[in-house]
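Observations on the model geometry
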Amino acid sequence: MPATPLIMDVDTGVDDALALLLALASPEVELVGVSTVAGNVPLSRTTDNTLRLLQWAGRADVPVYAGAERPLVRDAVAAADVHGATGLGAAQLPEARTSSAGDGVEFLLKTLQARPGEIILAATGPLTNLARAEAQVPGVLRQARQVVIMGGAVRVPGNITPTAEFNFYADPHAARQVLASEAELVLVGLDATHQVWLAQAALQACTGPYAAFCRAACEPVIAFESVHYGSAGMHVHDPVALGAALWPQLFRTQQLWVDVEASGELAAGQVVVDQRALASDQERLGRPVACAVDVEQARFLELFTERVLTP
Ligand code: RIB
Ligand code: CA
């Protein structure tokens, strides 16, 4: 079975880094390029982290394209308190010898239009690049074979506000525009990613060339999450989202009519689901999107561990 071409749009970040390593280790896909966006840390850092990681993993051949340095409308937010000042936790990677190959939005436009229907686009940060691409060339996201998004909280609480997940909160206008596009979307929100818990003990027990990096990178995330979730470990949001593209059989999705609250003091970034019995489909908010509601977390962790932590 030939590998499917994959583009990742990332805000590297610790779990973005784990997702990139998972992509590199997965024969189902061929990582043809990465666009970066401001999110967990500023754009200069998300871009440098991505370049360093790919080089360290022996894949400096994968081009990296710097995208948006700020959200469409709102002021930039960050999550350095979780991912550490550099965005890669306590990990230290050698300086990158390469730099951004160009503009991230231009890369998405060019590549998706050059290979219609072929490419899986996995977005694991704020959706600013994807929204800007769709605004420039309406319908361009539909050129992707599939757009898998780590973002949103459909029927569970948010993680950065009571109602919003970080990526959707960071750029709610972009999230709203991408969900409104005609793209073949799979939304992997906290509903699914919070079902997968990487225990610190499991991480400590791993060997393999990436294990030491993963332990150092995950250190501050585990420290942060262990306090809030009462157990030593962390969620691995971005690898789970990529997993929905690699192993769809491990995920249960539901077609839900969804939209995103783009403004508002309390609910910016909230995913609003319209399940009104009294509304016809023509009257519903938003549009139908495949939302991941369940994941076989044990099998996911087995595959993730095999490919990233103990190859
Ligand atoms: O809410 C989790 C998401 O926000 C992940 O993608 C993490 O990397 C941060 O970007
Ligand atoms: Ca991310």
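In this report, we go over the structure that sits alongside the text. Everything numeric in this text was worked out from a predicted model, so none of it was measured. (Residues numbered from 1 in each chain as written. Chains lettered and ligands numbered in written order. Predicted model: local features only at pLDDT ≥ 70, side-chain atom pairs only at ≥ 80, totals over all residues. Heavy atoms only, no water.)

Once that is clear, we can look at the coordination of the calcium ion (ligand 2). Coordination of the calcium ion (ligand 2) by the protein comes from D11 (OD), D16 (OD), D16 (OD), T124 (O) and D238 (OD), over a distance range of 2.2 to 2.6 Å. Between the donor residues of the calcium ion (ligand 2), the gaps in sequence give the motif D-x4-D-x107-T-x113-D. In this pair, D11 is assigned in the loop between β1 (4-10) and α1 (14-24) and D238 in helix α11 (residues 237-246), connecting sequence segments 227 residues apart. Of the residues examined, D11 reaches a relative accessible area of 0% and is grouped as buried. (Donors = N, O, S within 2.8 Å, 3.2 Å for Na, K, Ca; no water. Helix = DSSP H or I, 4+ residues; strand = E, 2+ residues; numbered from the N terminus. Buried < 20%, exposed > 50% of the residue type's maximum accessible area, 1.4 Å probe, protein only.)

Take the site of ligand 1 next. The environment of ligand 1 is made up of 13 residues, and the closest members are D15, T124, N159, E165 and D238. Residue E165 places a side-chain N or O atom 2.6 Å away from an oxygen atom belonging to ligand 1. In isolation ligand 1 offers 270 Å² of accessible surface; the protein chains occlude 96% of this area. For the shell around ligand 1, the elements supplying multiple residues, two or more each, are α1, α6 (166-170) and α11. (Near = heavy atom within 4 Å. Polar contact = N/O pair within 3.5 Å; in protein donor to acceptor, adjacent residues only side chain to side chain. Areas by Shrake-Rupley, 256 points an atom, 1.4 Å probe, with all protein chains shown as cover.)

Per the stated rule, a full pass over the model turns up 12 salt bridges. R59 is paired through a salt bridge with D61; the nearest N and O atoms lie 2.8 Å apart. The class of R59 is partly exposed, set by a relative accessible area of 29%. Notably, a salt bridge pairs R284 with D274, separated by 3.4 Å at the nearest N-O pair. Here D274 lies in the loop between β10 (271-273) and β11 (287-295) and R284 lies in the loop between β10 and β11, a separation of 10 residues in the sequence. For the pair shown, R284 and D274 are each scored as buried. When salt bridges that share partners are traced, they join D274, R276, D281 and R284 into one network. (Salt bridge = Lys/Arg side-chain N within 4 Å of Asp/Glu carboxyl O.)

To continue, consider the packing of aromatic side chains. For the coordinates displayed, the defined rule picks out six aromatic pairs. The interplanar angle of 45° and the centroid separation of 5.5 Å between the aromatic rings of W56 and Y210 together place this pair among those described as tilted. One end of the pair, W56, is in helix α2 (residues 43-56); the other, Y210, is in the loop between α9 (200-204) and α10 (211-229), and 154 residues separate them in sequence. The class of W56 is partly exposed, set by a relative accessible area of 30%. By relative accessible area, Y210 is classed as buried at 14%. Ring geometry for F300 and F304: centres 6.0 Å apart, planes at 10°, overall stacked. Of this pair, F300 and F304 are both found in helix α12 (residues 297-309), four residues apart, which corresponds to roughly one turn of the helix. Here the two residues F300 and F304 agree in accessibility, since each one is buried. (Phe/Tyr/Trp six-rings, centres within 6.5 Å; stacked < 30°, edge-to-face > 60°.)

Moving on to the environment of A175. Relative to the assigned elements, A175 resides in helix α7 (residues 172-180). Owing to a relative accessible area of 0%, A175 belongs among the buried residues under this scheme. Between the C-alpha atom of A175 and that of L127, which follows or precedes it by 48 residues, the distance is 5.6 Å. Contact partners of A175, with chain neighbours within four places excluded, come to L127, F168 and V260. (Contact = heavy atoms within 4.5 Å.)

Mapping D16 onto the fold places it in helix α1. For D16, which is buried and forms no salt bridge, the nearest opposite charge comes from R45, at a distance of 12 Å. Within the local environment of D16, its side chain forms a polar contact with the side chain of T124, the two groups lying 2.7 Å apart. Sequence-distant contacts of D16, defined by excluding residues within four places in its chain, comprise V10, D11, N40, T124, G125 and D238. (Lys, Arg positive; Asp, Glu negative; His and termini not counted.)

Another aspect to go through is the sheet that holds β1. Overall, mixed pairing links the nine strands, which are arranged β3-β2-β1-β4-β5-β6-β11-β9-β10 in an open sheet. With partners counted over all chains shown, the strands left at the sheet margins are β3 (64-66) and β10, one partner each. Taken over all neighbouring pairs, the strand axes of this sheet differ in orientation by 35° on average, direction set aside. Alignment of strand β9 (residues 251-260) against β11, held across eight bridges, turns out to be antiparallel. The residue bridging R252 from the neighbouring strand is D294, located in β11. Against the sheet, α1 contacts β1 and β2 (29-36), and its axis sits at roughly 170° relative to β1. (Pairing = 2+ DSSP bridges. Axes fitted to C-alpha atoms, helices over the stretch in contact; angles between N-to-C directions.)

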